[in-house]
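One-letter residues, chain by chain:
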Amino acid sequence: MTITQIHQLFLASNGVCTDTRKIEPNVIFFALKGENFNGNTYAQKAIEHGAAYAIIDEAAFKTTEKHILVDNVLQTLQDLASFHRKHLNIPIIALTGSNGKTTTKELINSVLSSSFKTTATIGNLNNHIGVPLTLLSMTKETQIGIVEMGANHLEEIAFLCSIATPDYGYITNIGKAHLEGFGSIEGVLKGKTELYDYLKRHNKLVFLNLEDQKLVNASSGIKTYSFSQSNASDVMIKLEGTDPNVIISYQDSIIHSNLIGQYNFTNIAAAIAIGSHFKISLSKIKHAIESYTPTNNRSQIIKKGEHTIILDAYNANPSSMEAAIHNFVQLQYNTKIVFLGDMFELGNDAALEHQKITDKISNTETEEVYLIGNHFFATKCTNPNVHKFKSYEDLEANWTLKNQKDVILIKGSRGMKLERILDLL
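Residues numbered from 1 in each chain as written. Predicted model: local features only at pLDDT ≥ 70, side-chain atom pairs only at ≥ 80, totals over all residues. Heavy atoms only, no water.

### Comments concerning the sheet that holds strand 20 (residues 386-389)
So, point 1. If you trace the six strands from one edge of the open sheet to the other, you get 16-17-21-18-19-20, paired in mixed fashion. Looking along the sheet, the strands with just one partner apiece sit at the ends: strand 16 (300-304) and strand 20. Between one strand axis and the next, the sheet turns through 15° on average, direction left out of account.
So, point 2. Where strand 18 (residues 336-341) lies against strand 19 (residues 368-372), five bridges are found, and the strand directions are parallel. Among the inter-strand pairings, V338 is bridged to a residue of strand 19, identified as V369. (Pairing = 2+ DSSP bridges. Helix = DSSP H or I, 4+ residues; strand = E, 2+ residues; numbered from the N terminus. Axes fitted to C-alpha atoms, helices over the stretch in contact; angles between N-to-C directions.)

What follows is the structure in structure tokens.
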């Protein structure tokens, strides 16, 4: 069966699904494979649970006409997504970067959805499976698509661009993320700017932060729509304060966000600039930014008893960790407590980068610091206020609450699951 024929079946269906636990009537099940599972073995179950068809790539599992045999299920999913994207022929905005991708994507979606019917990446489904699923979630009603792209190796962004064929692109920043896969900060820059390479080849547009010199240099020769805090850019957006929420001025209007930290200023500014490009009115932009509230452990402010907690435990790398610490120590509170968890995927740089963070936090004015994880446990520190634990369980077993009125920062990689610390407070 050709992709054109499968696409016709897709248009008549209720979408695609890759998990039999989430099967809904009249969907098409794609029997993907992983290291520890073979989706082909679930194909019949998917049909029994209401799937219209099951796409499989092992002939032994083709037992009915509803089982569609292809050479490779993943390749078919990606080809179908690419075909569907061309079929819809709508503007696609792609964004990537080391930090802030998901928050920026949600802010952009908040702004654009005030005037357009948008479809955006759900959560962080931003890889070789997530991007196709995002594209296939778009319908004929969708006017603008917003696609987040993640990568931890070279050529991944280029591959995702070949599927999504974006018309616009935005890179949040270049930081020390996924160094294990990219090899170096230079590798990160090369990998993320594969988005620029695609847009340049196809004469498309880059949304550009003029205050990020790395990205300014990398965007040479590409059409840009820029923003910064000066009038040298297409859109001027100024940071007015962080107390602790980010306050911005734009077109003689003050915008009060629900996001904390100076590092979120650029994320908000990008959404405003993109809204400006698409002719969104000031009143709608202001309402969209002010009504956006972070979730999923991303820069959330939580009140628990008399504690004010900054929960930023969705992910972490050296760049985002440094930014979070820098913002935290500037907050005007008497007692500050810090919980930091290990940063993953740093490869040979892991020991050095964890030591740098330990040195930084031990030299700040904080009441107590708790470092959690094997990497942080191996660092050297003489500050008596810095306490190290091999794991969350180690911390839990030795935890005693010392202060009743604290402002607390919780920051770590997703695998550390530091949101569990809320249970201790």
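The discussion continues.
### Let's talk about helix 9 (residues 194-201)
So, point 1. Among all positions in helix 9, only E194, L195, Y196, Y198 and L199 are buried.
So, point 2. Looking at the buried positions of helix 9, the neighbouring elements they touch are strand 7 (92-96), helix 6 (156-164), strand 10 (168-171), helix 8 (185-192), strand 11 (205-209) and helix 10 (213-218).
So, point 3. Positive phi shows up at N203, right after helix 9, with a value of about 55°. (Buried < 20%, exposed > 50% of the residue type's maximum accessible area, 1.4 Å probe, protein only. Contact = heavy atoms within 4.5 Å.)

### A look at the nonpolar core
So, point 1. In terms of nonpolar packing, the biggest core is built from 63 residues, with L135, M149, M321 and L340 touching the most fellow members.
So, point 2. Setting aside its immediate chain neighbours within four residues, M149 contacts A94, L95, T96, K101, N126, V131, I157, L160, C161 and A164.
So, point 3. Within the second largest apolar cluster, 36 residues are counted, among which are I248, L259, A270 and I272. (Core = buried A, V, L, I, M, F, W, Y, C linked by side-chain atoms within 4.5 Å.)

### Quick word on the domain arrangement of the protein
So, point 1. Segmentation of the protein into domains returns domain 1 (3-72), domain 2 (90-291) and domain 3 (300-424).
So, point 2. A separation of 28 Å is found between the C-alpha centroids of domain 2 and domain 3.
So, point 3. Taken together, the contacts link 16 residues of domain 2 with 18 residues of domain 3.
So, point 4. Carbon and sulfur atoms supply 52% of the area buried between domain 2 and domain 3, which totals about 1,500 Å² over both sides.
So, point 5. At the junction of domain 2 with domain 3, the criterion picks out zero salt bridges.
So, point 6. In this structure, the connection of domain 2 to domain 3 is made through one residue pair in polar contact (both at pLDDT 80 or more). (Domains from an automatic or database assignment. Buried area = accessible area lost by both parts, 1.4 Å probe. Salt bridge = Lys/Arg side-chain N within 4 Å of Asp/Glu carboxyl O. Polar contact = N/O pair within 3.5 Å; in protein donor to acceptor, adjacent residues only side chain to side chain.)

### Considering the pattern of salt bridges
So, point 1. Enumeration over the complete set of coordinates arrives at 10 salt bridges.
So, point 2. The closest approach of N and O atoms between K204 and D167, which form a salt bridge, is 3.3 Å. Separated by 37 residues along the polypeptide, K204 in the loop between helix 9 and strand 11 and D167 in the loop between helix 6 and strand 10 bring together distant segments of the chain.
So, point 3. The buried category is assigned to D167, whose relative accessible area is 17%.
So, point 4. In this structure, D312 and K411 form a salt bridge, with 3.2 Å as the shortest nitrogen-oxygen distance. Of this pair, D312 sits in strand 17 (residues 307-312) while K411 sits in strand 21 (residues 407-411); the two residues are 99 residues apart in sequence, bridging distant segments of the chain.

### Regarding the side chain of T118
So, point 1. Its location among the elements puts T118 in strand 8 (residues 118-120).
So, point 2. Engagement of the side chain of T118 in a polar contact is seen with the side chain of N109, the distance being 2.5 Å.

### What about the packing of helix 4 (residues 101-112) against helix 11 (residues 263-277)?
The angle between the axes and the distance between the axes are what describe a pair of packed helices.
So, point 1. Between helix 4 and helix 11, the least distance of the axes is 9 Å, while the angle of their chain directions is 30°. Between helix 4 and helix 11 lies a crossing whose hand is right-handed. Each of T103, T104, L107, I108, V111 and L112 in helix 4 lies in contact with helix 11, whose residues at this interface are N264, N267, I268, A270, A271, I274 and G275.
So, point 2. Classifying every residue of the contact of helix 4 with helix 11 by side-chain character gives eight nonpolar, five polar and no charged. (Left-handed = near helix turned anticlockwise from the far one by under 90°. Nonpolar A, V, L, I, M, F, W, Y, C, P; charged D, E, K, R; others polar.)

### Comments concerning helix 1 (residues 3-11)
So, point 1. Those residues of helix 1 not exposed but buried are I6, H7 and F10. Each buried residue of helix 1 lies within a common arc of 105° when the element is viewed along its axis, so the set occupies one face. (Arc of directions from axis to C-beta.)

### Side note on the environment of A350
So, point 1. Its location among the elements puts A350 in helix 14 (residues 350-362).
So, point 2. By relative accessible area, which is 7% here, A350 ends up buried.
So, point 3. A350 sits 32 residues away from P318 along the chain, and the two C-alpha atoms are 9.5 Å apart.

### Observations concerning the sheet that holds strand 14 (residues 245-250)
So, point 1. With mixed pairing, the nine strands of this open sheet are ordered in space as 8-9-7-10-11-12-13-14-15. Whereas interior strands pair on both sides, the edge strands pair on one side only; in this sheet they are strand 8 and strand 15 (253-260). Strand-to-strand twist across the sheet, computed as the mean angle between neighbouring axes with direction ignored, equals 25°.
So, point 2. Here four bridges tie strand 7 to strand 10, and the two strands are oriented parallel to one another. Counterpart to I93 in the pairing with strand 10 is Y168.

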